[in-house]
Amino acid sequence: MAAFGKQTIRDLEVRGRRVLVRVDFNVPLGAGAITDDTRIRAAVPTIRALREAGGRVILISHLGRPDGVVVESLRLAPVAARLAARLGVPVHAVPECVGPVAQAAVDALHDGDVALLENVRFHAGEESNDPGFVSALAALGDLYVNDAFGTAHRAHASTEGIARRLPAVAGLLMEREIEIMGAALASPRRPFVAVVGGKKVSDKIGVLRNLVGRADHLLVGGAMANTFLKAQGHATGASYVEATAAGVVGEILAEASRAGTHLELPVDLVIAPRLGADAPSRVVSVDGVPDDQMALDIGPETVARFAEVLRGAGTIIWNGPMGVFEMAPFAAGTMGVALAVAGSGATTIVGGGDSVAALEASGLADRITHVSTGGGASLEFLEGRELPGIAALRDRH
Ligand code: ADP
Ligand code: MG
C-alpha cells in the first residue's frame, strides 16, 4: 500500500480538546427525508475513534447549494438525528455554525460528546474561503480533522482555510480513500483495467490521460464511446457525440498504442430512435447504427468481452456508466459491467456520482473493495491532481 503522506487522527492527542471535524454529510434528500445515508455511515469510524479517545467532537458539513443564505430545507438537524441513530449516542444539532450560539454549544460539550454545527454554506464566506469566516470557525476548536474526501477538491473555509489555522490532520475515511486510490494508481496489482464511461469525454479528459499509459486495458463505454467510434470512422447516427473532443480522442488512441494499453471500444450497441423508457430498442453491431437512431448502451457481446478482461484483472478502476442506466432498456450494459467488477478477484474501485448510484441500485456495492464517497474529488484524484483540502493537512514527516 502506498504510504499516506499526511498525519491522521492517530497522531493526535484529543482528550479534553475541542476537535473540529469536517465531514461530508451532503446526503441526497427526497421530500425532506434522507434517501441514502452512505456518507453518514462512512464518517462513523472517525467520529467514534475521536469520542472514544475523549475528544469533544464538533462536526462541520455542508448540505446542498444554499449559496450563502439560510435555506430551511437544507438544515442539518435531520442528519444529526440519523447520525445519532448510527452512532448510538446523542448528537447535538446546533442551529448555527459560527457566533455566540455555536460558541455556547461548544462550551457545553464534555469529553466524548458530539455536536453537529449548522450547514456551513448558509454563509457566503464558506465557498469564498473568507478569512473572517475562517477565523469564526477556527475559534470553536483546538484541533482540525478533515474527513470529507468528497469536498477535498474545493478550497473552501471549512476544508482549506481552517486547516491553515489549526493543527490539521486527516480522518480515517480520508486516509482510506487516498491510500486505496493512491496505491491503485502508483503500484497496481496487474493486469490493471480501467473502465471509463459516462457522457462527456471533455469531463474525463484528465482521467483518460492519466490512466491510459498506466492501465494495461482501457475499456470505454457510455456516450463517450460514440466519440471514439466516430473518430475511428464508424457511423454514429443520431447518437450523442462530442464533436469538439475529436482531437483529444485521437491523442488518447495514439497514447494507448504508444504505451501498449489495450483500448477496447464497444463491438455492439443498444440503439433506439429516441431517449425514453418506452422507446423501442434493439441490438446492432457497431457498424449498424442507422442515421435516425442513437446508441444508448453497450450491447451484450461488448459486455461479454469487457467481462472477460475484468475476470483476469488484478486492479480495476471504474468511472462512468456504460449507458443510460436510469432507463431499463439501456441499463443492461452498466449492470453487466457491475456484475463483472463485483465478481472479479481484483482490487476494485468505483468512483463518480452516477457510477456509484448505478452500483448502489444494483445491490453490488458491498462486493466492491472501495466505493469512493467523493464524485468530483475522486475524479480529480484520478486525474493525478493534488486536492487543496488534502494539501493543507500536516505532513507526516
Ligand atoms: P459519473 O457521474 O459516474 O462520473 P457521468 O456523469 O460522466 O458519470 O455520466 C453519467 C451519465 O451519462 C448518465 O446520466 C447516463 O445516462 C449518461 N450516458 C451514458 N451513456 C450514454 C449514452 N450512450 N447516451 C447518452 N447518455 C449516456
Ligand atoms: Mg455524473
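Residues numbered from 1 in each chain as written. Chains lettered and ligands numbered in written order. Predicted model: local features only at pLDDT ≥ 70, side-chain atom pairs only at ≥ 80, totals over all residues. Heavy atoms only, no water.

A. Fine view of the domain arrangement of the chain. In terms of domains, the chain is made up of domain 1 (9–173) and domain 2 (181–382). Listed per partner, the contact involves eight residues of domain 1 and 11 residues of domain 2. When the area that domain 1 buries against domain 2 is broken down by residue, the three leading residues are Arg39, Phe149 and His153, summing to 65%. Counting across the interface, domain 1 meets domain 2 through zero salt bridges. Taken together, the connections running from domain 1 to domain 2 amount to zero residue pairs in polar contact (both at pLDDT 80 or more). Among the elements that line the side of domain 1 that touches domain 2, the one with the most residues is helix α1 (residues 38–52), at three residues. In the side of domain 1 that touches domain 2, the residues fall into three nonpolar, three polar and two charged. (Domains from an automatic or database assignment. Contact = heavy atoms within 4.5 Å. Buried area = accessible area lost by both parts, 1.4 Å probe. Salt bridge = Lys/Arg side-chain N within 4 Å of Asp/Glu carboxyl O. Polar contact = N/O pair within 3.5 Å; in protein donor to acceptor, adjacent residues only side chain to side chain. Helix = DSSP H or I, 4+ residues; strand = E, 2+ residues; numbered from the N terminus. Nonpolar A, V, L, I, M, F, W, Y, C, P; charged D, E, K, R; others polar.)

B. Structural view of the side chain of asparagine 119. Tracing the backbone through its elements, the reader meets asparagine 119 in the loop between β6 (114–116) and α4 (124–128). Among the polar contacts listed, one links the side chain of asparagine 119 to the backbone oxygen of leucine 63, at a separation of 2.8 Å.

C. Seen up close, the site of ligand 1. By nearness alone, 17 residues border ligand 1, and Lys204, Ala295, Glu326, Asp354 and Ser355 come closest of all. At a separation of 3.1 Å, a nitrogen atom of ligand 1 approaches a polar backbone atom of alanine 295. Within the side chain of glutamate 326, an N or O atom sits 2.6 Å from an oxygen atom of ligand 1. For the shell around ligand 1, the secondary-structure elements that each account for two or more residues are α9 (222–231), β14 (294–298) and α13 (353–362). By residue class, the composition of the shell around ligand 1 is five nonpolar, eight polar and four charged. (Near = heavy atom within 4 Å.)

D. Region of interest: the packing of helix α11 (residues 300–311) against helix α12 (residues 332–343). Their axes nearest at 9 Å, the elements α11 and α12 cross at an angle of 20°. Relative to α12, α11 is oriented roughly parallel. Pair α11 / α12 crosses with right-handed handedness. For the pair α11 and α12, contact is made by Val303, Phe306, Ala307 and Leu310 and by Gly333, Gly336, Val337, Ala340 and Val341, respectively. Its residues placed into classes, the contact of α11 with α12 shows seven nonpolar, two polar and no charged. (Axes fitted to C-alpha atoms, helices over the stretch in contact; angles between N-to-C directions. Parallel < 35°, antiparallel > 145°, perpendicular 65-115°, else oblique. Left-handed = near helix turned anticlockwise from the far one by under 90°.)

E. Fine view of the sheet that holds strand β8 (residues 168–170). The six strands are arranged β5-β6-β4-β1-β7-β8 in an open sheet whose pairing can be described as parallel. In the strand order of this sheet, the two ends are held by β5 (92–93) and β8, each with one partner. Pairing geometry for strand β1 (residues 18–22) and strand β7 (residues 143–146), over four bridges, is parallel. Bridge pairing in β7 links arginine 22 to asparagine 146. Seen against the sheet, helix α2 (residues 77–87) touches β4 (56–60), β5 and β6 and runs at an angle of roughly 155° to β6. (Pairing = 2+ DSSP bridges.)

F. Highlighting the pairing of strand β15 (residues 315–319). Burial within β15 is extensive, with five of its five residues counted as buried. Going residue by residue along β15, you find Thr315, Ile317 and Asn319 tucked away on one face and Ile316 and Trp318 tucked away on the opposite face as well. Relative to strand β16 (residues 347–351), β15 runs parallel, the two sharing five bridges. When the bridges of β16 are listed, isoleucine 316 appears paired with threonine 348. The parallel pair β15 and β16, bridged by α12, forms a crossover whose chirality is right-handed. (Buried < 20%, exposed > 50% of the residue type's maximum accessible area, 1.4 Å probe, protein only. Right-handed = clockwise from strand over helix to strand, strands pointing away.)

G. Quick look at the sheet that holds β14. Within the open sheet, the three strands sit side by side as β13-β12-β14. Their pairing is antiparallel. Strands with a single pairing partner mark the edges of an open sheet, and in this sheet they are β13 (282–285) and β14. On average, adjacent strands in this sheet sit at an angle of 45° to one another, irrespective of strand direction. Judged from the four bridges that link them, strand β12 (residues 268–272) and β13 form a sheet pairing that is antiparallel. The partner of isoleucine 271 across the bridge, within β13, is arginine 282.

H. Main features of unusual backbone geometry. Cis rather than trans, the peptide bond between arginine 190 and proline 191 has omega equal to 0°. Among the structural elements, proline 191 can be located in the loop between α7 (172–186) and β9 (192–196). For alanine 31, which is not a glycine, the phi torsion comes out positive at approximately 50°. Structurally, alanine 31 can be placed in the loop between β2 (29–30) and β3 (33–34).

I. Molecular detail of the environment of valine 220. Along the chain, valine 220 turns up in strand β10 (residues 217–220). Each C-alpha atom of the pair valine 220 and alanine 194 lies 8.5 Å from the other, and the pair is 26 residues apart in sequence. If near-sequence neighbours (up to four positions away) are discounted, valine 220 is found in contact with Val196, Ala225, Phe228, Leu263, Glu264, Leu265, Pro266 and Phe306.

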